[in-house]
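Report on the structure
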Amino acid sequence: MALANLVNYTIPNLIQGISQQPDGQRDPSQGEIQINGMSSIAEGLRKRDCSFTLAKVSDTPFGDAFFHSILRDQNEEYLSVISNSFIKVFDLAGNEKTVVNADGTAYNYLSTVTQAKQQIRAATIADYTFVSSLQVLPQMDPKTAPDPARPTAHECLVWVKQANYGQTYTVNCNGTEVKVETAVAPVVTSGSTTTENRISSEEIAEELIDGPNGNDGLASIAGITATRQGAVIWLQSADPIAIKATDARSNTDITAILDKVQVFTELPTIAPDGYQVEIEGDPGNNFDNYYVKFEPRNGTFNEGSWLECVQPGLVYEINASTMPHILIRQPDDQFWFGPADGRQMSGSSPSAWTIDVPKWGDRVSGDDTSSPLPTFLADGGRAINDIFIYKNRLGLLADESVVLSRAGDFFEFFPTTVTTVLDDDPIDIVASNDRVSILRYAVPYQDELILFSAQYQFRFNAADTVLTPATAQITVLTQFEVDTNVRPVQAGGGIIFCQANGQWERFRDFSVRGAGTALTADAQDLTAYISSYVPRDVFKLTVNDTGNGMFAISGFNDTTSFPPTDYRKRVYVYKYFYRNQGNGTERVQSSWSHWEFNGADEVLQVLCVNEELYALVRYGNDVFLERTSVMDRMGTDDGTPYPLLLDRRVDSTTATPAALRLDAGVYDAASDKTTFTLKYVAAADTEVWTGFNMDFDSNVPAKNWLGPSLLGTITAGNTQLVVRGKFDTATIYAGEPYEFRYRFTRFKLMKEIGGGKAATNSSRTQVRNAKLRYHETGYFKAVTMPEGRSNGEYVFDATVIATRASAIGNPPTMSTDQFRYYEGVFTIPVYSKGERCIVELVNDRPHPCKFSTCEWVALLTGRSRALQ
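Report on the accompanying structure. Remember, predicted model here, so these are calculated numbers, not experimental data. (Residues numbered from 1 in each chain as written. Predicted model: local features only at pLDDT ≥ 70, side-chain atom pairs only at ≥ 80, totals over all residues. Heavy atoms only, no water.)

1. With respect to the sheet that holds strand β25 (residues 290–296)
We count it as follows: Think of it this way: DSSP has to see at least two bridges between two strands before they count as a pair. Where helices and strands are cited, they refer to DSSP runs of H or I of at least four residues and of E of at least two residues respectively, numbered from the N terminus.
The mixed open sheet is built from five strands, whose spatial order is β22-β24-β25-β26-β23. Looking along the sheet, the strands with just one partner apiece sit at the ends: β22 (260–261) and β23 (270–272). Two elements, β23 and strand β26 (residues 301–309), share three bridges in a ladder whose sense is antiparallel. By the bridge assignment for β26, Ile 270 is matched with Glu 303.

Dropping the structure here:
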């Protein structure tokens, strides 16, 4: 015998977004469709905020371009558009900034780009935005050391190190031998005659130049120029010099120096400017060789110091034209784009200023063994895949390597000395693995760097508390495939990255837990319920950390599907929320949905700043900057009880920038008609509404709290609307209406099984009605679509909520509770078997709607009882 019971089932919230699972598996708090909704922890499910038009930024499409956000500080935030032939910069009010192209040739660096979104990378650090083309391989300049060139092609030094009595100083130069013999003792007595002998190394050096007879010394050798300073003789020639200096004390007193010495102490304190010598060290060890160059205190041949230098004949200077270029914000609010080549920029009067453009540091010491080229310059150069800041160092990803600059010197990638390893030296380390892992992105995370390749995720950190070349290490954490066309972003306590999945895109949340040997890393699948929802070709993610949301856009236009779907006009929204538990955190909200901008052709860029989503949107050939609030709670920005939800919204108040502001209507008394004109051509049907009447007049009750009224529609392709009546002094709003749509999971009895939920199949759920709790709601309609019967539409129209305060009899103020719209329960008649009726909520009017819970009432019939 069948048992029948009247039951009610409560759906606790409607903020879990959508799921593509079958109805029998889907959680009741998830829907089947959610379009233009916001899953808000604070307000429940609601219609999203409208978009406001800020500025028209271009009257031609940008074409193939890469978009980058420049967030200098809280007061200066910009959007940049980078192509192979131009760079444009706009502030978040839509004002375009002048970009100066250095020498008119800076864009040559980008000229080989053919797919900007995949072949350009950018990173902003304070006033500098680094722009890297993956099509240009960094190179060294072909010129070699020394620079500047030494005075002659061939030269050598003879150093009389000390003067000793009874010594013979011999110098053989190009086969000519010159000898100087010193007295046997300081004082020599012969009979009654005593001779005092004074000698000095300077006098010995001078005699070597002149010769024992005054004309047979080094200066007399053909082709040789001999110059003395102190005890050092500088020999120069246009031809090679063969030199040898000897004494009877194993060269303790005299030595000849060409281009090598064994140890540093064999060098004199006097030498010509720029003279270079190799310190060989241990002949069997190439790693302890180094090179020094002399710098006199004054003049060209005098006392001075030996300083480390690069090996003669070695390339030493980075070719700035092949390195990432920099976009610099200037004090006059302009931007300069060009190579980091050390030039100086100056502003003109009255705002005179000077900026020294940074320069990539030269190789200043060592050779290819002791001071090798960094990975991005070695072996013909490697593309720079990412640029970042970590531990006060500028970081570059090239091939499988992480290359960090010298600490505190962002443009220095060579060591200052090769005689020892300093803690602040540059770092160049390879992500070793059993497979080739080209590093694509570096994301700072919990005092470390997480490195992303196409198949692996690595951890870069210091084995000790201080990051040095000796402590830097890279370890493999996880192995997940990554869509390298999308930069991962930090969101909450993790990093969200994309995975290509055929025609669709999947998302994972990478996180690290624990520490030391207990450290574990994982990447939770955020799209397990919606594996074929977000289309491929996602190219931009942006995060609202305050409101726990992430937004994604795709460049995929599917012309092969039926009907064809252009995903380029959508923004995909992921809302999340974590709750602290006794043993950690739990994700209690994981909501996916999307927004549609029906009049748009393409959303080019999105950027979330201060809970506002800024978007560059293309309509035909025109590109506009728009702003949409992404706060959890919907608000009004114009003092009205609730906002008019119209996309591309403009109005006749100062809230709309002057260039797009609606002018007052033009009233013609003869015809009693008012004409309104948009300052742009409508891309879709655009509604024109009057605003709220906020002028309280106790003598004219009908005037008080008149809500917004629809005056008419400007059809797509037009700019004007003519309406009957006098509205030339009214506040007017115009924009494109957009439809909110939410489809419930089928109403059926669910049971908790094994920690999850599943539909019961042995019971018949005959739903009578659904009780929907709403609040702060102006309009919606519930649509029921039962199998085999006509659809039903049940309309809730509470736009009169804006007039209820007039009954209070007091002038309305925004501080009173009369602006808190009443809430209630709306009954939706269903009268159908639960799994055979689709129920949707629709709002196609510019009034808000917000829903918290839903409870359905059904007659439950079953012939069996579940085992306990």
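2. Digging into the packing of aromatic side chains
Put simply, the rule is: Side-chain rings of Phe, Tyr and Trp (the six-membered ring for Trp) are treated as a pair once their centres are within 6.5 Å; stacked means planes under 30 degrees apart, edge-to-face means over 60, and tilted covers the remaining angles. Only protein chains enter the area calculation, which uses a 1.4 Å probe; residues under 20% of their type maximum are buried, those over 50% are exposed, and those in between are partly exposed.
For the coordinates displayed, the defined rule picks out 39 aromatic pairs. When the centroid spacing of 6.3 Å and the interplanar angle of 80 degrees are considered together, the rings of Trp 504 and Tyr 567 count as edge-to-face. Of the two residues, Trp 504 sits in strand β41 (residues 504–513) while Tyr 567 sits in the loop between β46 (565–566) and β47 (570–581), which places them 63 residues apart along the sequence. Accessibility assignment for this pair places Trp 504 and Tyr 567 in one class, buried. Residues Phe 740 and Phe 851 carry aromatic rings whose centres are separated by 6.3 Å and whose planes lie at 25 degrees to one another, so their mutual orientation is stacked. Here Phe 740 is found in strand β59 (residues 740–743), whereas its partner Phe 851 is found in strand β67 (residues 850–862), with 111 residues between them in sequence.

3. Re the sheet that holds strand β33 (residues 401–404)
Threshold: Axis angles are defined between N-to-C directions and span 0 to 180 degrees, where every axis is a line fitted to C-alpha atoms and, for a helix, only to the segment in contact.
The four strands are arranged β31-β32-β33-β34 in an open sheet whose pairing can be described as antiparallel. The sheet is open, and its two borders are formed by β31 (384–390) and β34 (427–430), each paired with just one other strand. Sheet twist, expressed as the mean angle between neighbouring strand axes with direction ignored, is 20 degrees. Both β33 and β34 contribute to a ladder of four bridges, which runs antiparallel. By the bridge assignment, Val 403 is partnered in β34 with Asp 428.

4. Some words on unusual backbone geometry
Omega for the peptide link from Ala 145 to Pro 146 comes to 0 degrees, which places this bond in the cis form. Looking at where Pro 146 falls in the secondary structure, it is placed in the loop between β12 (128–133) and β13 (154–160). Each neighbour pair has its own omega, and for Phe 562 with Pro 563 the value is -5 degrees, a cis peptide bond. Within the secondary structure, Pro 563 is located in the loop between β45 (557–558) and β46. Of note in the backbone geometry, Asn 251 takes a positive phi value of approximately 60 degrees without being a glycine. Structurally, Asn 251 is set in the loop between β20 (243–246) and β21 (254–257). Residue Asn 251 is classed as partly exposed on the basis of its relative accessible area, which comes to 27%. Positive phi outside glycine occurs at Asn 548, with the angle close to 55 degrees. With respect to the helices, strands and loops of the structure, Asn 548 is situated in the loop between β43 (538–544) and β44 (549–554).

5. Quick look at the pattern of salt bridges
Put simply, the rule is: Salt bridges are counted wherever a side-chain nitrogen of Lys or Arg sits within 4 Å of a carboxyl oxygen of Asp or Glu.
Following the criterion strictly, the structure yields 57 salt bridges and no others. As a salt-bridge pair, Glu 43 and Arg 633 come within 3.0 Å of each other at their nearest N and O atoms. Here Glu 43, found in the loop between β3 (37–40) and β4 (44–47), pairs with Arg 633, found in the loop between β51 (622–629) and β52 (647–651); they are 590 residues apart in sequence, far enough to count as distant. The class for Glu 43 is buried, based on a relative accessible area of 2%.

6. Thoughts on helix α2 (residues 201–210)
The line we're drawing: An arc is given here, and it is the one of the directions from the helix axis to the C-beta atoms. A contact between two residues is defined here by any heavy atoms of the two lying within 4.5 Å.
Within α2, burial applies to Ser 201, Ile 204, Ala 205, Leu 208 and Ile 209. Burial along α2 is one-sided: seen end-on, the buried residues are contained in an arc of 140 degrees. Packing partners of the buried residues in α2 comprise β13, β14 (168–173), β15 (176–181), β18 (225–229), β19 (232–237) and β21. Once α2 ends, the next one or two residues include Gly 211, with phi positive near 95 degrees.

7. Focus: the nonpolar core
The condition that has to hold: Residue types Ala, Val, Leu, Ile, Met, Phe, Trp, Tyr and Cys, when buried and joined through side-chain atoms within 4.5 Å, form a set referred to as a nonpolar core.
Judged by nonpolar contacts, the single largest core of 48 residues is most densely connected at Ile 87, Leu 110, Phe 337, Trp 360 and Phe 376. Looking at this core, the element that brings in the most residues is strand β11 (residues 120–125), giving four residues. Ignoring sequence-local partners within four residues, the contact set of Trp 360 consists of Phe 130, Ile 318, Ala 320, Met 323, Pro 324, Ala 340, Leu 394, Phe 410, Phe 411 and Phe 413. Leu 157, Ile 209, Leu 218 and Tyr 275 belong to the second largest nonpolar core, which has 40 residues in total.

8. Things to note about the side chain of Arg 746
One can find Arg 746 in the loop between β59 and β60 (750–753). Since its relative accessible area comes to 19%, Arg 746 is described here as buried. Every residue in contact with Arg 746, bar those within four places of it in the chain, is listed here: Asp 23, Glu 32, Gly 834, Glu 835, Arg 836, Cys 837 and Ile 838.

9. Structural notes on the side chain of Thr 478
Filter applied, for reference: We call two N or O atoms a polar contact when they sit within 3.5 Å, provided that within protein one can donate a hydrogen and the other can accept it, with sequence-adjacent residues counted only if both atoms are side-chain atoms.
Note that Thr 478 resides in strand β38 (residues 472–478). With relative accessibility at 7%, the residue Thr 478 sits in the buried group. For Thr 478, the side chain forms a polar contact with the side chain of Gln 457, separated by 2.7 Å. Excluding its chain neighbours within four sequence positions, the residues that come into contact with Thr 478 are Gln 455, Tyr 456, Gln 457, Phe 510, Ala 521 and Asp 522.

10. Some details on the pairing of strand β36 (residues 448–453)
The element β36 is largely enclosed, with a buried count of six among its six residues. Burial of the side chains of β36 extends over both faces: Glu 448, Ile 450 and Phe 452 are buried on one face and Leu 449, Leu 451 and Ser 453 on the other. Pairing of strand β35 (residues 439–445) with β36, which is carried by six bridges, proceeds in the antiparallel orientation. The partner of Tyr 441 across the bridge, within β36, is Phe 452. Where β35 folds back on β36, the antiparallel hairpin that results is connected by two residues, among which Gln 446 adopts a positive phi of roughly 50 degrees. Pairing between β36 and strand β37 (residues 457–462): four bridges, direction antiparallel.

11. Focus on the environment of Phe 52
Here Phe 52 shows up in strand β5 (residues 51–58). Counting along the chain gives 594 residues from Phe 52 to Leu 646, while the straight-line C-alpha distance between them is 8.3 Å.

12. Concerning the pairing of β5
Counting buried residues in β5 gives seven out of eight residues, a clear majority hidden from the surface. Sheet topology note: the β5/β51 ladder contains six bridges and is antiparallel. Bridge pairing in β51 places Ser 58 opposite Val 623.

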